[in-house]
Amino acid sequence: MWDSDAAYDSFMGRFSRRLAPVFADFAGVGAGERVLDVGAGTGALTEELVRRGAQAAAAEPAPAFAESLRRRFPDLDVRETGAEELPWPGDSFDVALAQLVVSFMNDAEAGVREMARVAGGRVAVCMWDMEEQQLLASVNHVRERMGDAGPEPRRYRTAAELQELLGPDAEVAALDVVADYEGFEDYWASVLGGAGPLGEWVASLDDARRETARTELIRELGDPSGPFTLSGRAWAAKISG
Ligand SMILES: C[S@@+](CC[C@H](N)C(=O)[O-])C[C@H]1O[C@@H](n2cnc3c(N)ncnc32)[C@H](O)[C@@H]1O
C-alpha cells in the first residue's frame, strides 16, 4: 500500500508537510527534545522535527519508506517496525508522535501504549477528518458514486474517537491546513500516482472507468480552470503522561 515515496509526496505529502509544523506546535515540541516519529513515512514530520532542533528518531514498517528516510536523514535512528512493538527501552524519548498513522495501525491501542512506554507517557496523534479533508473527500465521493466500496480506513477520524483512544485526560483539537495545486492536471497526476488506499483504487480502474473517475473529479472540484487550493482538517489528541 505504501511503497513509493514520490507518489506519496505528490498525493498526500503536500498536505502532511503543511500539517507537520502545526502538529509539532500542538504537541509542544521544542529544540533539544528527544522525539520519536512513529509511521514517519517519507519524513514530512521528521523534516519539521529536525528543522526545529529536536533530536528525532523514526519508526516505519514499510521497507521502501524506511529506506527513503535513511537516505534523506543519514544521521537519523530509523527502525523498520510498526508502533505495536517499538524496539526502544522505556523513557527513551520526551515525546512520541504519530502523524496520520493510527487509522493504519493493526492495533492502535497497542500502538499508543507502546508510544507512551518509550516516551514517559507523552504522546500526540492526529488523523484527517474524512469529510473535512478535501482531497480524501473528493476521491471518496467519486468512488462511492461509481459504486466502489473503499478500503480507506475510517476509524479514529473524529475528535470523539481520538479522545477515546488517548483517554479522558487527552486534549483534542482541530488542525487546519491548505495545499496548493497548479491546476486540475496537477491534482489528477497526484491521484493517478497510486499512493495509499485511494491511489490504489484509481490505479485498479480500467481505462473507461478511469476516464469516468477523471470527469467526475473535475465536477466534484467545481471544474477548476487554473490554480486552486484544497483544505484539510485533522483531529489531533495529546496526553502529557
Ligand atoms: C498516511 S502515511 C503518514 C506518513 C507520515 N507520518 C506523514 O505524515 O506524511 C501512514 C504511515 O503509517 C505507516 N504505518 C502503517 N502501519 C503502521 C503501524 N502499525 N505502525 C506504525 N506505522 C504504520 C505507513 O507505512 C505509512 O508510512
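Above this text you will find the structure in question.
Residues numbered from 1 in each chain as written. Predicted model: local features only at pLDDT ≥ 70, side-chain atom pairs only at ≥ 80, totals over all residues.

Caption draft 1: Main features of the overall build of the protein. For the protein, the count of helices and strands is nine helices and seven strands. Taken against the 2.2 N^0.38 rule, which gives 18 Å for 241 residues, the C-alpha radius of gyration of the protein at 18 Å falls within 12% of a compact globule. Dimensions along the principal axes, computed over C-alpha positions, put the protein at roughly 55 × 40 × 30 Å. The 241 residues of the protein split such that 43% are buried. Of the contacts formed within the protein by residues at least 6 apart in sequence, a portion of 72% connects residues at least 24 apart. (Helix = DSSP H or I, 4+ residues; strand = E, 2+ residues; numbered from the N terminus. Rg over C-alpha atoms; globule rule 2.2 N^0.38 Å. Buried ≥ 20, exposed ≤ 12 C-beta atoms within 10 Å, placed from the backbone. Contact = placed C-beta atoms within 7 Å.)

Caption draft 2: Local environment of the nonpolar core. In terms of nonpolar packing, the biggest core is built from 74 residues, with Leu-36, Ala-96, Leu-97 and Val-125 touching the most fellow members. Among all residues touching Leu-97, those that are not within four sequence positions of it are Ala-27, Val-35, Leu-36, Asp-37, Val-38, Leu-45 and Ala-124. (Core = buried A, V, L, I, M, F, W, Y, C linked by C-beta atoms within 7 Å.)

Caption draft 3: Summary view of the environment of Phe-65. Counting through the fold element by element, Phe-65 comes out in helix α3 (residues 63-72). Since 23 C-beta atoms lie within 10 Å of it, Phe-65 is described here as buried. For the pair Phe-65 and Ala-119, spaced 54 residues apart in the sequence, the C-alpha separation amounts to 23 Å.

Caption draft 4: Quick look at the site of the ligand. If you check the shell around the ligand, you find 23 residues, and the closest are Ser-16, Gly-39, Gly-41, Gly-82 and Ala-83. Only α1 (5-27) and α2 (44-51) provide two or more residues apiece to the shell around the ligand. Of the residues contributing to the shell around the ligand, the split by class is 14 nonpolar, seven polar and two charged. (Near = placed C-beta within 6 Å. Nonpolar A, V, L, I, M, F, W, Y, C, P; charged D, E, K, R; others polar.)

Caption draft 5: Representation of the packing of helix α5 (residues 134-145) against helix α9 (residues 207-220) within the structure. For the pair α5 and α9, the least separation of the axes is 10 Å and the interaxial angle reads 130°. As far as their axial angle goes, α9 and α5 are oblique. You can see that α5 and α9 cross each other, and the crossing is right-handed. Facing α5, whose interface residues are Ser-138, His-141, Val-142 and Arg-145, α9 presents Ala-213, Glu-216, Leu-217 and Glu-220. In the contact of α5 with α9, the residues fall into three nonpolar, two polar and three charged. (Axes fitted to C-alpha atoms, helices over the stretch in contact; angles between N-to-C directions. Parallel < 35°, antiparallel > 145°, perpendicular 65-115°, else oblique. Left-handed = near helix turned anticlockwise from the far one by under 90°.)

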